[in-house]
Amino acid sequence: MILLWIFAALFTVFAVCSILVYLNLFRPNILRAAKTADDVPEKDGQLAQYLPELRRCVAWYKEQQKETVQITSYDGLRLSAEYLPAVTPRGTIICMHGFHSSAVRDFSPVVRFLHENGWNLLLPSQRSHGKSEGRYLTFGVRERYDCRSWVTFINGRNGTGLPVVLYGVSMGCATVVMSLGLEQPVNVKAVVADCGFTSPYEEIANVLKNYNHLPVHPVMLFARMQTRVIAGFGLKEYSTFDALRNNKIPVLFIHGGRDKFVPTEMSRRNYEACTAPKDLLIVEHAEHAVSSILDTAEYEKKTAGFLEKYAVR
């Protein structure tokens, strides 16, 4: 009888912990967001003085003649993107946005600069975002295959004679970097990796510890079980290090020096792990995913120089 009570108590504790982790970690972080991200981060206090310029950037993008295109992912999801062609293209940049965000929100500060420098732009909605199907985010684990599928799409449209650049911000950065572990077409010439994390496990553990103020253990044990059983992927299944150790494609790493959401150290570690030609830009006064806004001149100079060196024919 005592053993039965002990078992019942342990089961109750397990069930309560599982429910709490699901409600407070799995549901807000792995499930598709109920609302699409606003195009302009109006409530971000550090960007208050930049909001007029950001609104102008978004307005410029929305005025352009774009085409909506779609592909089917390797696991059967319909994925959507907007394609903005250049008049005389130097190549195509595929822009992968971040967690619960959108391409317009994350790339509006740079799309005009890139487009006016002669680049076609493909701005996908990552799986489980915007017009793309999907119920679960996988923090780059499955999205890396989507990234390669978009490369296949753009090569089918424009041929392999034009270079392709992969450009990601935050979770989109992890997506494009993780895609380097796959065999990419030879015309993928460079990657711009802005404020990406190292692995789903490390990023969620960082947020859990520093933002939710909860113990990493045993909470992450429950999180790992739930992502595997419910969403079908592992938080430790893949990392940027797995992709970078044998990578040959040049990578420009960018990060804000005051970023705590994705610690700056993660890009430093990715930089050290990268075996290909590489460069690193730390925008010292920038927090998460705002380097292109807070130091536009240096950001554009570094990005343009890197693309001229490695991506232009």
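Residues numbered from 1 in each chain as written. Predicted model: local features only at pLDDT ≥ 70, side-chain atom pairs only at ≥ 80, totals over all residues. Heavy atoms only, no water.

## A short note on the packing of aromatic side chains
Applied cut-off: Stacked, edge-to-face and tilted labels apply to pairs of Phe, Tyr and Trp rings (six-membered ring for Trp) whose centres lie within 6.5 Å, assigned for plane angles under 30 degrees, over 60, and everything in between, in that order. A run of H or I in DSSP becomes a helix once it reaches four residues, and a run of E becomes a strand once it reaches two; helices and strands are each numbered from the N terminus. Each residue is assigned to one of three classes by its accessible area relative to the maximum for its type, calculated with a 1.4 Å probe on protein chains only: buried under 20%, partly exposed between the two thresholds, exposed over 50%. Two limits define a charge over a ring: the Lys NZ or Arg CZ must be within 6 Å of the ring centre, and within 35 degrees of the ring normal.
Enumeration according to the criterion identifies 10 aromatic pairs in this entry. Judged by centre distance (5.7 Å) and plane angle (85°), the rings of Trp 150 and Phe 153 are edge-to-face. With a gap of three residues between them, Trp 150 and Phe 153 both fall in helix α4 (residues 143-158), about one helical turn apart. The class of Trp 150 is buried, set by a relative accessible area of 1%. Ring centres 4.8 Å apart and planes at 50° place the aromatic pair Phe 306 and Tyr 310 in the tilted group. Pair noted here: Phe 306 and Tyr 310 are both in helix α11 (residues 296-310), with a separation of four residues, about one helical turn. When its relative accessible area of 5% is taken as the criterion, Phe 306 is described as buried. By way of ring pairs, the aromatic residues Tyr 22, Phe 26 and Tyr 136 are connected into one cluster. The ring of Tyr 238 carries Arg 144 above its face, with NZ or CZ at 3.8 Å from the centroid. Over the aromatic face of Tyr 271 sits the side chain of Lys 278, whose NZ or CZ is 4.6 Å from the ring centroid.

## Section: α4
Counted only if it meets this: One fewer than the residue count of a helix, multiplied by 1.5 Å, yields its expected span.
Between its terminal C-alpha atoms α4 stretches 23 Å, which fits the 22 Å expected from 16 residues at 1.5 Å a residue. Among all positions in α4, only Glu 143, Arg 144, Asp 146, Cys 147, Trp 150, Val 151, Ile 154 and Asn 155 are buried. Following α4 by one or two positions, Gly 159 adopts a phi angle in the positive range, close to 85°.

## Section: the pattern of salt bridges
Formally: Salt bridges, as used here, are contacts in which a Lys or Arg side-chain nitrogen is within 4 Å of a carboxyl oxygen on Asp or Glu.
For the structure on display, the rule yields 12 salt bridges. Where Glu 53 meets Arg 56, a salt bridge forms, and the shortest distance between an N and an O atom there is 2.9 Å. Of this pair, Glu 53 and Arg 56 both sit in helix α2 (residues 51-63), three residues apart, which is roughly one turn of the helix. Exposure remark for Glu 53: the relative accessible area of 40% places this residue in the partly exposed category. Where Arg 112 meets Glu 116, a salt bridge forms, and the shortest distance between an N and an O atom there is 2.9 Å. Pair noted here: Arg 112 and Glu 116 are both in helix α3 (residues 103-116), with a separation of four residues, about one helical turn. Exposure remark for Glu 116: the relative accessible area of 54% places this residue in the exposed category. Ionic contacts of the salt-bridge type, sharing partners, join the residues Asp 75, Arg 127 and Asp 146 into one network.

## Topic: the sheet that holds strand β2 (residues 78-84)
Inclusion rule: Strands pair, by our definition, only if DSSP identifies at least two bridges between them. Helix axes are fitted only over the stretch in contact, all axes being lines through C-alpha atoms; the angle between N-to-C directions runs from 0 to 180 degrees.
As summarised here, the arrangement of the eight strands in space is β1-β2-β4-β3-β5-β6-β7-β8, forming an open sheet in which the pairing is mixed. Both edges of this open sheet fall to β1 (67-72) and β8 (278-283), since each of them pairs with a single strand only. Geometrically, the sheet is characterised by an average inter-axis angle of 20° between neighbouring strands, direction not taken into account. Bridge count between strand β3 (residues 91-96) and strand β4 (residues 119-124): four bridges; the pairing is parallel. Residue pairing for β4: Ile 94 is matched across the bridge by Leu 122.

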